[in-house]
Amino acid sequence: MGSMSELRPLLREMKAHREDMSGDRNSGCRTSAAMSGSGGRGGSGGRGQKAGSARRGGWEDAGVEFYREAYPTSVDNIYDTRITTLLPSKRHNVNSLGRGTVRRRASQRSRRQPPTTTATLVHTSRRGSDTYLEVLPDLTQGVDEEETWEKLQQIRAHAVPIEEKRKLKQQLQSAPTLRTRGLAAFKLSRRKFFSQTKSRLREMISKIELWHWSLRYVEGNFGTGLVAFFTFIKWLLYLNLFTCVLLGVFILVPQIFLVHSKDSCIVDSWPNSVYDNETFLYENDTNCCTKYYNEIQSNSPKRDNYYLIQLVQDGVQGTGPLELSYLFYGYYPRHILVLEVAPEWKYNLPLAYLLVLVVTLILSLVLMVRAAARGLRESLRSSEGQFYQYCNLIFGGWDYCIENNKAASIKKKAIYNELCNHLETERYNEEKEQRTKKERCRLYMVRLLVNMVVLALLSVSFVAIYKSTIFAFDHLKDAKDSKESEQDKLMILLFEYLPSGVIVTLNIIIPYLLRALVKLEHYTPNSILVLTLIRTVFLRLASLVILLISIYQSIPACPDSKPSECIDECTRPWCWETYVGQQLYKLTILDLIIMFLTTFLVNFPLKCIGHKLMRGSQIGAAIGDIEFAIPKHVLDIVYGQTLCWLGMFYSPLLPAVTCIKLVLVFYIKYFDCKVNSSQSSQLYRTSRSNALFISILLVSFIVTIIPVGYSIAEIKPSLACGPFRGLDTIWSEMLAVIEESPDWLKAVLLFLGTAGFAVPAIIFLILAGYYYYAVAAANKHMVSLLKNQLVLEGHDKQFLLSRLNHMIKMSAEEGGENTSARSSRPVEDETGHSNDQTLEA
Amino acid sequence: MGNKNTTFTEEELEDYEDLTYLTRREILVAWGKWKGLVGGQGEPDRVTRYPEEDVQKLPELQHNPFRERITRVFSSLKDSRMSFEDFLDLLSVMSSKAPLQLKAHYAFHIFDYNEDQVLDTEDLEVVVERLTGDHALLPEEKSKLVEKLLEDTDLDGGGISEEEFKHLLTKCPDFTHSFRFSV
């Protein structure tokens, strides 16, 4: 067993160490155990070189206890350390660095030697403060090119200074390698090529990275928690750009560049018409409707006074010339487009419109779920237990990118606060268990009451939104019909903005009330944050949904009249899809304007007043100190994105508008953060923030799918406009296409819609979910078992080490006595021998 | 980046690129910063070793509570001086491409104040103290915190060893986000 041969030099060394112990504390003992090279094979032993000459000394000089009942917790015992460096676990460390990254090739590796046998070159320092071990590479086996290349790639991952890595690289490159031939060589060169292109691509992308310097500034002055927020905006921007590109390529470009078929509208038809083909009549009538609608729009009275204001108003509301533009659904015709050069290639625009939108939503969902999975995994890991939260805070709490003294001190304060928070949460938990029954009852009653108040508040706001929308809609109709006097113009404006105004006001007031109410409930700070966030999200999303419902209500379904009466007494707008698109567009623009106004006209003056005019006073500080509250800003962003998703179907260019809006929003928020806000004393942890943002986004996505899905599947599209005019529902376009597809495809697709597919699918998913849950629970149990075992093994190890030390000490003392009797013999050999004998016995 | 660099040959740049996680552009920027930091006494070169205090003037290090430990750990000869290559090592480990294991290794040595290869009570107490700065916790709170930390993470007694620390850090997702900076 190699251990004996390893112990021998160790014992000799111990003697040399004994004398140095009393002297230079900085030397010797500090073997960097992590640097030891490995083996399993051949001659590695501890080989430290001491600068000083060996002086005599006794164990008594060392002044340490050797035999202890308790497990040693301090490392004064150098002998402990020396022995522990020989332990296999200590030598394992460096090789695990390389191994992790070659996991993929491990299966191929199995027939070759494990990677531990090849070179791990380590620095030998003569200074003595750190003693490393040098292990020569094992060149007895041919190392082939692939292995060499992989090792070269992982040189960076070795935790040694650059000099050593350079030596290692030279060694690897000069070692004789077996040339790979044939298929293996081809594969290797392909791998090399891929990894090179990947790294070059990455470098190029990093050069053109958007907002790099702004993010660096935020990072340096506020920490990484805030950077997560701005990165979220950037991510959303990319998502919207992706959506834009898809919509543009598949809807906009064909619409503009391909050739449209002509719409025939034969207005004066004979009463007993020759054409008794019903479909033809129907189509004819819808075409006439469209023509009529277009004429009305383009002939709307030009209001010459206040032309600029009119323009601005139209721009913000989406009316006027914008109504019949690419911006809204109404402009896209129900045509099958053809290529100029090849008339046989048809492009079904309505089908494309529907399909592209569905596919875009699905792709967005996939991207978001991927990002959410990453974020949730991280946040789940850290919430496994209270102690991991401590570790997370202490080891990961300091942002190493902070460059600013003020930010540094704020960060320290934030960490301090968080630590106090944690300690307080523990105290709270302890206190919670000690609550008397009466107190508990009281607390639950209070919580119930508060929840009911919150529900009441929310219902009141929803009713307000609903009522105001209906009210505005009715009065708008009346006002528009009598659009004579100037005064009415003002009323019209008021009614136009009434629903949006109500929503905005509620969005400002209700969160304040919610924050005040939640204080009564006595939750932990984390729970308070999450609860307030949930309630506010609910408010915002639901108000949007209520808006849509009220619009839906105020567009009463007309009795199934003949298409020739598209100009009927129903109070429906000509093109309700465009109307919905306009409302959402209006909300988007309004949102942007309000953000702009809040930042520049409210926060900025407040800050100026607080910090400049009333400098030093308490009131000044109270007014001027505006914290950059991340949850509120995240909700703003998510709200804007929800509007985009809701309106995407009715306004294909809305993602483009949202992109531009996001760019502006970034700069607005950046100004808010940089100039207006004072440093937040709350620690925002990146992992938790990421998970939070994406989860809220997912929730709002799911909420928006429902109204859009319902309107596609159930509501009759308007006769006068859009790619689906004349159909019963928008979805019937899809059904018609399915009808025309080959039989087998039809059968499959129709089957997917039946209950016969849905019910087993749901059952299967539930079972799969349960299976994974069971596996996870079993793993957890296993982990706790293994952990307990590890603890016991650790105790065993400590026990054995201390016994070993004791035995060495005893034998050393005996050896010492022997040599004192026989002064002629050199000490080292004797004691070495006697020690060996004792151990071998 | 686009500037013509006359200080490095193509070979040297490639060499540095292979040995660190930095891109070419970052290496050149690092050289610029290095010159700025130590350029007080004449034209700096790549092998001269400069005192630690000069390196600690780097903006990201200046306000870091662990700056002395950082410069000490990354100094290859442990002589309280750093050369340009040590500086590159530091930037490489701190870059976002460095793997967790590598960062964990260096973080362990940074936090190990008494350099005994384990993180024990004294190390952790100093770390907590440095982290909270002027707002110090009460001594009993601090010891309670450290005790709780050790109790839950140290499985075999004797303080947190490097392996345990690495395992621990896989459970601390914030570590990868915060233990980095770039030039």
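Residues numbered from 1 in each chain as written. Chains lettered and ligands numbered in written order. Predicted model: local features only at pLDDT ≥ 70, side-chain atom pairs only at ≥ 80, totals over all residues. Heavy atoms only, no water.

Peer 1: Sorry if this is basic, but what is going on with the overall build of chain B here?
Peer 2: Broken down by element type, chain B carries 11 helices and 2 strands. If you list the helices and strands of chain B from N to C, you get α-α-β-α-α-α-β-α-α-α-α-α-α. Dimensions of chain B, computed from C-alpha atoms along their principal axes, come out at roughly 55 × 30 × 25 Å. Burial statistics for chain B: of 183 residues in total, 60% are counted as buried. Pairs at least 24 residues apart make up 59% of the contacts formed inside chain B by residues separated by at least 6 positions. Of the roughly 7,100 Å² that chain B leaves accessible, carbon and sulfur atoms contribute 49%. In chain B, 22 side chains carry a positive charge and 39 a negative one; their mean positions are 6 Å apart. (Helix = DSSP H or I, 4+ residues; strand = E, 2+ residues; numbered from the N terminus. Buried < 20%, exposed > 50% of the residue type's maximum accessible area, 1.4 Å probe, protein only. Contact = heavy atoms within 4.5 Å. Areas by Shrake-Rupley, 256 points an atom, 1.4 Å probe, with all protein chains shown as cover. Lys, Arg positive; Asp, Glu negative; His and termini not counted. Charge placed at Lys NZ, Arg CZ, Asp CG, Glu CD.)

Peer 1: Help me understand the packing of aromatic side chains in this model?
Peer 2: To describe a pair of aromatic rings, you give the distance between the ring centres and the angle between the ring planes. Scanning the entire structure with this criterion turns up 40 aromatic pairs over all chains. On the basis of an interplanar angle of 70° and a centroid distance of 5.2 Å, the ring pair of Phe229 of chain A and Phe230 of chain A is categorised as edge-to-face. With a centroid separation of 5.6 Å and 75° between ring planes, the pair formed by Tyr353 of chain A and Phe649 of chain A is classed as edge-to-face. With Tyr353 of chain A in helix 14 (residues 349–382) and Phe649 of chain A in the loop between helix 22 (630–647) and helix 23 (654–676), the pair connects residues that are 296 residues apart, well separated along the chain. Across this residue pair, the class does not change: Tyr353 of chain A and Phe649 of chain A are buried. Site record: aromatic cluster; members linked through ring pairs are Trp211, Tyr217, Phe229, Phe230, Phe666, Tyr667 and Tyr670 of chain A. It is Arg156 of chain A that lies over the ring of Tyr21 of chain B; its NZ or CZ is 5.7 Å from the centre. Lying across the ring of Tyr113 of chain B, Arg69 of chain B places its NZ or CZ 5.6 Å from the centre. (Phe/Tyr/Trp six-rings, centres within 6.5 Å; stacked < 30°, edge-to-face > 60°. Lys NZ or Arg CZ within 6 Å of the ring centre and 35° of its normal.)

Peer 1: Explain the interface of chain A and chain B to me, please; I cannot follow it from the model alone.
Peer 2: When the parts come together, some accessible area is lost, and that loss is often what is quoted as the size of the interface. Facing 74 residues of chain A, the contacting portion of chain B comprises 80 residues. Buried surface at the junction of chain A and chain B, both sides included, amounts to about 6,900 Å², of which 60% is carbon and sulfur. It is Arg156, Phe395 and Tyr400 of chain A in chain A that bury the most area against chain B; as a group they hold 14% of the surface buried on that side. Our count for the chain A to chain B interface comes out at 6 salt bridges. Taking the shortest distance from any N to any O, the salt bridge between Lys169 of chain A and Asp18 of chain B comes out at 3.2 Å. Among the elements that line the side of chain A that touches chain B, the one with the most residues is helix 16 (residues 405–433) of chain A, at 12 residues. (Buried area = accessible area lost by both parts, 1.4 Å probe. Salt bridge = Lys/Arg side-chain N within 4 Å of Asp/Glu carboxyl O.)

Peer 1: Quick question: what am I supposed to make of the nonpolar core here?
Peer 2: Nonpolar side chains in soluble globular proteins generally cluster together in the buried interior. Counting 90 residues, the largest nonpolar core has Phe229, Phe230, Phe232 and Phe649 of chain A as the members making the most contacts within it. The greatest single-element share of this core, amounting to 13 residues, is contributed by helix 11 (residues 224–257) of chain A. Among the nonpolar cores identified, the runner-up in size contains 79 residues, and Ala157 of chain A together with Phe84, Tyr106 and Ile160 of chain B belong to it. (Core = buried A, V, L, I, M, F, W, Y, C linked by side-chain atoms within 4.5 Å.)

Peer 1: I tried to follow the confidence of the model for chain A on my own but got confused; where do I start?
Peer 2: Parts of the prediction with low pLDDT should not have their coordinates interpreted in detail. All names here are of chain A. Taken residue by residue, chain A gives an average pLDDT of 72. The fraction at 70 or more is 69%. For the stretch residues 93–140, pLDDT sits under 50, and the model shows 92 contacts to residues farther than four places along the chain or on other chains. Between residues 825–841, whose pLDDT stays under 50, and residues either more than four places distant or in other chains, the model counts 21 contacts. (pLDDT = per-residue confidence, 0-100.)

Peer 1: Would you mind showing me how to read the confidence of the model for chain B here?
Peer 2: Residue and element names in this part refer to chain B. Averaged over chain B, the pLDDT score is 82; the fraction of residues at 70 or greater is 92%. For chain B, helix 9 (residues 139–153) is the element with the lowest average pLDDT, namely 81, and helix 7 (residues 100–111) is the one with the highest, namely 90. Listed scores for the predicted complex are pTM 0.73 and ipTM 0.86.

Peer 1: Is there a simple way to explain helix 13 (residues 307–317) of chain A in this structure?
Peer 2: Within an α-helix, residues lying three or four positions from one another point in the same direction, as the helix has 3.6 residues per turn. Residues and elements named next belong to chain A. Among the residues of helix 13, those classed as buried are Gln310, Asp314, Val316 and Gln317. Mapping the buried residues of helix 13 onto a view down its axis gives an arc of 165°, with all of them on the same face. Exposed residues lying more than 90 degrees from the buried face of helix 13 are Leu308 and Val312. A positive backbone phi angle near 80° is found at Gly318, which sits one or two residues after helix 13. (Arc of directions from axis to C-beta.)

Peer 1: I would appreciate a short explanation of the UniProt feature "transmembrane region" (unreviewed entry) in chain A in the present structure.
Peer 2: Residues and elements named next belong to chain A. Here the UniProt-annotated "transmembrane region" (unreviewed entry) positions come out as residues 235–257, 351–373, 444–466, 490–514, 526–552, 584–606, 691–713 and 747–773. Across residues 235–257, helical content stands at 100% and strand content at 0%; the span's end C-alpha atoms are separated by 31 Å. For residues 351–373, the end-to-end C-alpha separation is 33 Å, with 100% helix and 0% strand making up the annotated structure. (UniProt positions renumbered as here; feature names shortened; annotations may be inferred.)

Peer 1: I keep staring at a nonpolar patch on the surface and nothing clicks. Help me out?
Peer 2: All names here are of chain A. A cluster of nonpolar side chains, namely Ile593, Phe596, Leu597, Leu601, Val602 and Leu606, defines an oily patch on the protein surface of about 500 Å² accessible area. Secondary-structure assignment places Phe596 in helix 20 (residues 576–613). Overall, the relative accessible area of 43% leaves Phe596 in the partly exposed class. (Patch = residues over 30% accessible without salt bridge, like charges linked within 9 Å, V, L, I, M, F, W, Y side chains within 5 Å.)

Peer 1: Quick question: what am I supposed to make of the pattern of salt bridges here?
Peer 2: Under the counting rule described, the total for this entry stands at 25 salt bridges over all chains. Residue Arg216 of chain A is joined to Glu403 of chain A by a salt bridge in which the shortest nitrogen-to-oxygen separation is 3.3 Å. Of this pair, Arg216 of chain A sits in helix 10 (residues 212–222) while Glu403 of chain A sits in the loop between helix 15 (386–396) and helix 16, and the two are 187 residues apart along the sequence. The exposure class assigned to Arg216 of chain A is buried, which follows from its relative accessible area of 11%. Residue Glu403 of chain A is classed as partly exposed on the basis of its relative accessible area, which comes to 30%. Between Lys166 of chain B and Glu162 of chain B there is a salt bridge; the shortest N-O distance is 3.5 Å. In this pair, Lys166 of chain B and Glu162 of chain B both sit in helix 10 (residues 162–170), 4 residues apart, roughly one turn of the helix.

Peer 1: Is there a simple way to explain the environment of Leu765 of chain A in this structure?
Peer 2: Residues and elements named next belong to chain A. Mapped onto the elements of the fold, Leu765 is located in helix 27 (residues 755–821). Leu765 gets classed as exposed once you look at its relative accessible area, which sits at 59%. Along the sequence, Leu765 and Leu506 sit 259 residues apart, while their C-alpha atoms lie 40 Å from each other.

Peer 1: Sorry if this is basic, but what is going on with unusual backbone geometry here?
Peer 2: All names here are of chain B. One non-glycine residue, Lys78, adopts positive backbone phi at about 55°. Examined against the element boundaries, Lys78 turns out to sit in the loop between helix 5 (67–74) and strand 2 (81–82). Using a relative accessible area of 24% as the deciding quantity, one classes Lys78 as partly exposed. In this model, Gln117 sits at a positive phi of 65°, which is unusual for a non-glycine residue. Within the secondary structure, Gln117 sits in the loop between helix 7 and helix 8 (121–132).

Peer 1: It is not clear to me how the packing of helix 8 (residues 162–174) of chain A against helix 6 (residues 84–94) of chain B should be interpreted in this structure. Could you clarify?
Peer 2: Helix packing for two helices is described by the angle between their axes and how far apart those axes are. Running from N to C, helix 8 of chain A and helix 6 of chain B point in directions that differ by 90°, and their axes come no closer than 9 Å. As far as their axial angle goes, helix 6 of chain B and helix 8 of chain A are roughly perpendicular. Note on element contacts: helix 6 of chain B touches helix 8 of chain A through Glu85, Leu88 and Asp89 of chain B, opposite Ile162, Glu163, Lys165 and Arg166 of chain A. Of the residues that constitute the contact of helix 8 of chain A with helix 6 of chain B, the class distribution is 2 nonpolar, no polar and 5 charged. (Axes fitted to C-alpha atoms, helices over the stretch in contact; angles between N-to-C directions. Parallel < 35°, antiparallel > 145°, perpendicular 65-115°, else oblique. Nonpolar A, V, L, I, M, F, W, Y, C, P; charged D, E, K, R; others polar.)

Peer 1: Sorry if this is basic, but what is going on with helix 10 of chain A here?
Peer 2: In terms of burial, helix 10 of chain A is largely enclosed, as 8 of its 11 residues are buried. Within helix 10 of chain A the residues assigned to the buried category are Ser214, Leu215, Arg216, Val218, Glu219, Gly220, Asn221 and Phe222 of chain A. Looking at the buried positions of helix 10 of chain A, the neighbouring elements they touch are helix 11, helix 16 and helix 23 of chain A together with helix 4 (59–62) of chain B. Among the residues trailing helix 10 of chain A, Gly223 of chain A stands out with phi positive, at a value near 100°.

Peer 1: I'm lost on the environment of Leu28 of chain B in this one. Help?
Peer 2: Residue and element names in this part refer to chain B. Here Leu28 shows up in helix 2 (residues 24–38). Classification of Leu28 by relative accessible area gives buried; the value is 14%. For Leu28 and Ser80, which are 52 residues apart along the polypeptide, the C-alpha to C-alpha distance reads 24 Å.

Peer 1: Could you clarify how one ought to interpret the state of the cysteines in this entry?
Peer 2: The bond known as a disulfide is covalent and runs between the sulfur atoms of two cysteines. Inspection of every chain in the model, using the stated rule, returns 0 disulfides over all chains. For the unlinked cysteine Cys644 of chain A, the closest cysteine sulfur is that of Cys659 of chain A, found at 7.7 Å. (Disulfide = S-S within 2.5 Å.)

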